[in-house]
Amino acid sequence: MLYLIGIQPEKYYQLGFWPDDYESNGFSIMCACELNPINADHNQIFSLQILPPIRYLKFIHKGRSCDIPSTYKYIYGIWLPKTEYRMSIPFELEFYGELYLGPDNENSVSEIYIPLEFLQEETTLSSFINDNRFS
């Protein structure tokens, strides 16, 4: 484990970030770690990025790391379109904890966290009138 200036990370993550122009310029993958906010100010080697507090939906991926794209295809291609959720900010987290046994181990477990928000159908006056016309 790597420790910087005596700060021990509490959890390790992979952070995927999609800017608005990701289709033409790609996306970024970064290594991340959770730090105790009290100790985070002492880090002068790396810049700190604080993620906003938000609700996440957790998905479990079990299997080899090279097979994780199929889990993402399920999340974004099958599961998400059938729900009333949408991605709220353009990133996701993968967590590799004690159940992660290595990239080639079929029994490895990693967690995928997708920041989602519930779509609420807005009722406008015109849609209310159109839906409630008297015949």
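Scroll up to find the structure this text is about.
**Student:** Would you mind showing me how to read the side chain of glutamate 94 here?
**Tutor:** Secondary-structure assignment places glutamate 94 in strand E5 (residues 91-95). Polar side-chain contacts of glutamate 94 include one of 2.6 Å to the side chain of tyrosine 72. For glutamate 94, the residues in contact, after removing those within four places along its chain, are Tyr12, Tyr13, Gln14, Ile68, Tyr72, Glu111 and Ile112.

**Student:** Looking at this structure, I do not really get the packing of aromatic side chains. What am I missing?
**Tutor:** Counted according to the given criterion, the structure contains 8 aromatic pairs. Between tyrosine 56 and phenylalanine 91, the ring centres sit 6.5 Å apart and the planes meet at 55°, which makes this aromatic pair tilted. Within this pair, whereas tyrosine 56 is found in strand E3 (residues 56-62), its partner phenylalanine 91 is found in strand E5, the two being separated by 35 residues in sequence. For tyrosine 56, a relative accessible area of 29% gives the class partly exposed. On the accessibility criterion, phenylalanine 91 (6% relative accessible area) is buried. On the numbers, 6.2 Å between centres and 20° between planes, the contact of tryptophan 79 with tyrosine 85 is stacked. One aromatic cluster is present, formed by Phe59, Trp79, Tyr85 and Phe118 through successive ring pairs.

Cut-offs used in this document
Residues numbered from 1 in each chain as written. Predicted model: local features only at pLDDT ≥ 70, side-chain atom pairs only at ≥ 80, totals over all residues. Heavy atoms only, no water. Helix = DSSP H or I, 4+ residues; strand = E, 2+ residues; numbered from the N terminus. Polar contact = N/O pair within 3.5 Å; in protein donor to acceptor, adjacent residues only side chain to side chain. Contact = heavy atoms within 4.5 Å. Phe/Tyr/Trp six-rings, centres within 6.5 Å; stacked < 30°, edge-to-face > 60°. Buried < 20%, exposed > 50% of the residue type's maximum accessible area, 1.4 Å probe, protein only.

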